[in-house]
There are 2 protein chains.
Amino acid sequence: MTLRIGILVFPGVQQLDLTGPYEVFASAPGTKVELVWKSLEPVTTATGLVLTPDLTFADAPQFDVVCVPGGGGVNALLADAETLDFLRRQAAGARYVTSVCTGSLVLGAAGLLRGKKATTHWNAVDFLPAFGAIPVEARVVRDGTLFTAGGVTSGIDFALVVVAELIGETEARVVQLALEYAPAPPFGDGTPKTAAPEILAAAKAAMAGSRTERERLLAGA
Amino acid sequence: MTLRIGILVFPGVQQLDLTGPYEVFASAPGTKVELVWKSLEPVTTATGLVLTPDLTFADAPQFDVVCVPGGGGVNALLADAETLDFLRRQAAGARYVTSVCTGSLVLGAAGLLRGKKATTHWNAVDFLPAFGAIPVEARVVRDGTLFTAGGVTSGIDFALVVVAELIGETEARVVQLALEYAPAPPFGDGTPKTAAPEILAAAKAAMAGSRTERERLLAGA
């Protein structure tokens, strides 16, 4: 039986939130990974890469796993009834509902995080309570059949955990080796806790525009 | 001044070899990252994701950095004169010539690794001497203005190293934090040296088809 994994794609998605888990899921045996959006027109991601949806909301089957990546484009989805309705419908029948980075804010806006432990990008964790979620700072957070991942590259760790859960630990370990995932980050600044203060300040400044807009949108939520 | 980074895209590319470095490069200030191929038609990657080239070989400017990702589709490029000529022309004027995973075999086929230290995916390191390269097992290998990365996910480490070199260490550290790159691989099997024997055997079996074809192609090189 093929495991069908549907990943939401949208304008302004952070492509590595999507492409990291995609590669892990698609490298595991017995999976079919598809990008789903309102139309089949190619979309431009936050940093310029163009991705092409495989299915529309209307044509999508019930996925076994639904995954929402994050990025600046998340802001436009927080009050987008068509997308939120699609996610609610999928969530009702999916084995696992998942997100990477600020994708969890979209799950929250769809009402799918109420009373659940969840995570997101470090620069957005404080938004989670607005959706009734219990924020947890970790790269992968599980609450029952809900899996949420931290910022961007957390999606790779997350997807390996999900493959181990859904398919098997051996299969997940084989994928990890095939993708040569023995990371060696060149610097120690991967989280706000370990980052030098001036690096943290610069990263916050770089993301300030998107965050300010998000604060405004969520103040009305 | 904008730093122009051209990444080769081709049918059967391992998308994470490309999308990991793309996200790192494109998140750094003052860069323009573009996908280049023979035509602008969308191409299907090794695991199914569709990517769209931004430029053709004919329209490409002289890039500051040229990057060749790997994947099963590499095999078709090893004797592809149009692609190898393009890479040789770019390499002659680029500040840095780079590859991720088995992309280094394409650089090798273009004659760009002779006498140079280089790396590739762990399952392809033994092919490097056929191109006159000196194989090194590491995630990022530098020889002058040549940077080669190990398998797939090594591309993220590699791109951060290149951003630090080309733009600055502060900028690279800010990107690492923005991408929350403090990886936590769920298993210890990321390299053949650390993998359990049965996991290594299974990974080799999964990649045997592409490797056998490569052995045949390179036997005639």
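What you see is a predicted model; the values in this text were computed from it and never measured.

Caption draft 1: Broad picture of the relation of the copies chain A and chain B. For the match of chain A to chain B, the screw axis carries a shift of 0.0 Å, the RMSD comes to 0.0 Å, and the turn is 180°. Both copies of the chain, as the preceding transformation shows, are related through a two-fold rotation axis. Among all residues of chain A, the one whose C-alpha sits closest to the rotation axis is Leu51 of chain A, at a distance of 2.9 Å. Interface overlap between copies: 100% of the residues of chain A at the interface are likewise at the interface in chain B, consistent with a symmetric, same-surface contact.

Caption draft 2: Quick look at the sheet that holds strand E5 (residues 55-56) of chain B. All names here are of chain B. If you trace the seven strands from one edge of the open sheet to the other, you get E5-E2-E1-E6-E7-E11-E10, paired in mixed fashion. The outermost strands of the open sheet, each flanked by one partner alone, are E5 and strand E10 (140-143). Sheet topology places strand E2 (residues 31-37) next to E5; two bridges connect them, and they run parallel. Bridge assignment links Val36 to a residue of E5, and that residue is Leu55. Contacts between helix H1 (residues 15-27) and the sheet are confined to strand E1 (3-8) and E2, with E2 contributing the most and set at about 150° to the helix. Across the sheet, helix H2 (residues 81-93) is in contact with E1, E2, strand E6 (65-68) and strand E7 (96-99); its angle to E6 comes to roughly 150°.

Caption draft 3: Structural view of the nonpolar core. Core analysis: the largest hydrophobic core is formed by 137 residues, its most contacted members being Leu18, Leu51 and Phe158 of chain A together with Phe158 of chain B. In terms of residues, this core owes the most to one element, helix H4 (residues 154-166) of chain B, which gives eight residues. Once residues lying within four places of it in the same chain are set aside, the contact partners of Leu51 of chain A are Val9, Gln15, Leu18, Leu35, Pro42, Val43 and Thr45 of chain A together with Leu49, Val50 and Leu51 of chain B.

Caption draft 4: The environment of Val9 of chain A, seen in detail. Residues and elements named next belong to chain A. Counting through the fold element by element, Val9 comes out in the loop between strand E1 (3-8) and helix H1 (15-27). Sequence-wise, Val9 and Leu113 are 104 residues apart; in three dimensions their C-alpha atoms are separated by 20 Å. Beyond its immediate stretch of four places on either side in the chain, Val9 contacts Leu18, Leu35, Val36, Trp37, Val43, Leu51 and Pro53.

Caption draft 5: Local environment of the packing of aromatic side chains. The tally for this structure, following the rule as stated, stands at 10 aromatic pairs over all chains. Ring centres 6.5 Å apart and planes at 50° place the aromatic pair Phe10 of chain A and Trp37 of chain A in the tilted group. With Phe10 of chain A in the loop between E1 and H1 and Trp37 of chain A in strand E2 (residues 31-37), this pair connects stretches of sequence that are 27 residues apart. Overall, Phe10 of chain A belongs to the buried group, its relative accessible area being 0%. Ring centres 5.5 Å apart and planes at 55° place the aromatic pair Tyr96 of chain B and Phe147 of chain B in the tilted group. Of this pair, Tyr96 of chain B sits in strand E7 while Phe147 of chain B sits in strand E11 (residues 146-149), and the two are 51 residues apart along the sequence. On the basis of relative accessible area, Tyr96 of chain B is assigned to the buried category, the value being 8%. One aromatic cluster in this structure is built from Phe10, Trp37, Phe57 and Phe86 of chain A.

Caption draft 6: Highlighting the packing of H1 of chain A against helix H4 (residues 154-166) of chain A. Residues and elements named next belong to chain A. At a minimum axis distance of 8 Å, the contact between H1 and H4 shows a crossing angle of 25°. One element, H1, and the other, H4, form an angle in the roughly parallel class. Crossing hand, H1 versus H4: right-handed. The segment H1 lies against H4, with Gly20, Pro21, Val24 and Phe25 engaging Gly155, Ile156, Phe158, Ala159, Leu160, Val162 and Val163. When grouped by side-chain class, the residues that make up the contact of H1 with H4 number nine nonpolar, two polar and no charged.

Caption draft 7: Here's a closer look at the pattern of salt bridges. In the structure shown here, the tally under the stated rule is 22 salt bridges over all chains. Close ionic contact of Glu137 of chain A with Lys193 of chain A constitutes a salt bridge, the shortest N to O distance being 3.1 Å. Of this pair, Glu137 of chain A sits in the loop between strand E9 (134-135) and strand E10 (140-143) while Lys193 of chain A is found in the loop between helix H5 (169-178) and helix H6 (197-206), placing the two residues 56 residues apart along the sequence. We note that Glu137 of chain A, like Lys193 of chain A, is exposed. As a salt-bridge pair, Lys38 of chain B and Glu82 of chain B come within 4.0 Å of each other at their nearest N and O atoms. In this pair, Lys38 of chain B sits in the loop between E2 and strand E3 (43-44) while Glu82 of chain B sits in helix H2, placing the two residues 44 residues apart along the sequence. Note on Lys38 of chain B: relative accessible area 30%, which makes it partly exposed.

Caption draft 8: Seen up close, the pairing of strand E6 (residues 65-68) of chain A. Residue and element names in this part refer to chain A. What you see with E6 is no split at all: Val65 and Cys67 on one side and Val66 and Val68 on the other are buried throughout. As judged from the three bridges shared by E1 and E6, these two strands associate in the parallel manner. Residue pairing for E6: Ile7 is matched across the bridge by Cys67. Two elements, E6 and strand E7 (residues 96-99), share four bridges in a ladder whose sense is parallel. Each residue of the ladder has a partner; that of Val65, found in E7, is Tyr96. In terms of handedness, the path from E6 via helix H2 (residues 81-93) over to E7 forms a crossover that is right-handed.

Each value, and the rule that gives it
Residues numbered from 1 in each chain as written. Chains lettered and ligands numbered in written order. Predicted model: local features only at pLDDT ≥ 70, side-chain atom pairs only at ≥ 80, totals over all residues. Heavy atoms only, no water. Least-squares fit on C-alpha atoms with pLDDT ≥ 70 in both. Contact = heavy atoms within 4.5 Å. Pairing = 2+ DSSP bridges. Helix = DSSP H or I, 4+ residues; strand = E, 2+ residues; numbered from the N terminus. Axes fitted to C-alpha atoms, helices over the stretch in contact; angles between N-to-C directions. Core = buried A, V, L, I, M, F, W, Y, C linked by side-chain atoms within 4.5 Å. Buried < 20%, exposed > 50% of the residue type's maximum accessible area, 1.4 Å probe, protein only. Phe/Tyr/Trp six-rings, centres within 6.5 Å; stacked < 30°, edge-to-face > 60°. Parallel < 35°, antiparallel > 145°, perpendicular 65-115°, else oblique. Left-handed = near helix turned anticlockwise from the far one by under 90°. Nonpolar A, V, L, I, M, F, W, Y, C, P; charged D, E, K, R; others polar. Salt bridge = Lys/Arg side-chain N within 4 Å of Asp/Glu carboxyl O. Right-handed = clockwise from strand over helix to strand, strands pointing away.

So yeah, pure geometry; function would need other evidence.
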